[in-house]
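A closer look at the structure
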Amino acid sequence: IVFAPLVSERRVGESFVLVAASNRGLPVSFTVSGPATLGGLDNKTLTVNGVGIVEVTALQTGNANYLAAPSVVRSFVSVKNTASITLSSMTHTYNGQAKLATAVTNPVGRNVVFSYEPVSPWWCLGLCSGEATAPINVGSYNVTATVNDPSYSGNQTGLLVISEASQAITFASVQLNQLVNSFVD
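In what follows, the accompanying structure is described. (Residues numbered from 1 in each chain as written. Predicted model: local features only at pLDDT ≥ 70, side-chain atom pairs only at ≥ 80, totals over all residues. Heavy atoms only, no water.)

Counted according to the given criterion, the structure contains three salt bridges. Close ionic contact of Glu-14 with Arg-10 constitutes a salt bridge, the shortest N to O distance being 2.7 Å. Judged by its relative accessible area of 26%, Glu-14 is partly exposed. (Salt bridge = Lys/Arg side-chain N within 4 Å of Asp/Glu carboxyl O. Buried < 20%, exposed > 50% of the residue type's maximum accessible area, 1.4 Å probe, protein only.)

To continue, consider the pairing of strand 12 (residues 112-118). Alternating residues of strand 12 divide into Val-112, Phe-114, Tyr-116 and Pro-118, all buried, and Val-113, Ser-115 and Glu-117, none buried. The pairing of strand 12 with strand 13 (residues 139-147) spans seven bridges and is antiparallel. Opposite Phe-114, over in strand 13, you have Ala-145 as the bridge partner. (Helix = DSSP H or I, 4+ residues; strand = E, 2+ residues; numbered from the N terminus. Pairing = 2+ DSSP bridges.)

Turning to the sheet that holds strand 2 (residues 15-17), a few remarks are in order. Taken together, three strands build an open sheet; the order of strands is 2-5-4 and the sheet is antiparallel. Two strands in the sheet have a free side with no partner beyond their single neighbour: strand 2 and strand 4 (36-39). Averaged over all adjacent pairs, the angle separating strand axes in this sheet is 25°, with direction ignored. For strand 2 and strand 5 (residues 45-48), the ladder comprises three bridges, and the chain directions are antiparallel. Looking at strand 5, one finds that Val-17 is bridged to Thr-45. (Axes fitted to C-alpha atoms, helices over the stretch in contact; angles between N-to-C directions.)

On to unusual backbone geometry. Cis peptide bonds are those with omega within 30 degrees of zero, and the linkage from Asn-106 to Pro-107 qualifies with 10°. Tracing the backbone shows Pro-107 in the loop between strand 11 (102-106) and strand 12. Although it is not a glycine, Asn-43 sits at a positive phi angle of roughly 55°. Positionally, Asn-43 belongs in the loop between strand 4 and strand 5. Given a relative accessible area of 42%, Asn-43 falls into the partly exposed group. At Ser-89, a residue that is not glycine, the phi angle is positive and equals roughly 60°. Here Ser-89 is to be found in the loop between strand 9 (84-88) and strand 10 (91-93).

Following this line, the structure appears as structure tokens:
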């Protein structure tokens, strides 16, 4: 069997046609193990379905005149596709509510998990680590967004800032004669 080596890395969702030949012109068939399936014309189209090692075996069973040929095994690693992440909602004003970063992925619709870590707070002393809980208090927070998807990977970092809220002090209006009377009494 003549079965050329396969490309060493393929992406989840990728499909390609397997090609092998027998030196006697007999038909060659294939089997696959790992995260892939065979289909198409004569089961020669391989589709990568997940992440891992895929082994493809080329078989030629022989006929009345020829013995079966020794099988030939080829393998490759299937990996996730890359998704890009664009972060937004990174600037907020304090109001006592948790502040969330938002993200859009390309391709659209991939699940994203966020972690937030305060930027060098005095009380952290280098011991803080990322948390899934969105921050509430005034400060700067390193945000890490990670794609959580069986077919895609990717991450993006950014800085989320929560600024102090403005405040106003108001007094009830006081008439001048009331003020004067209060000093006279």
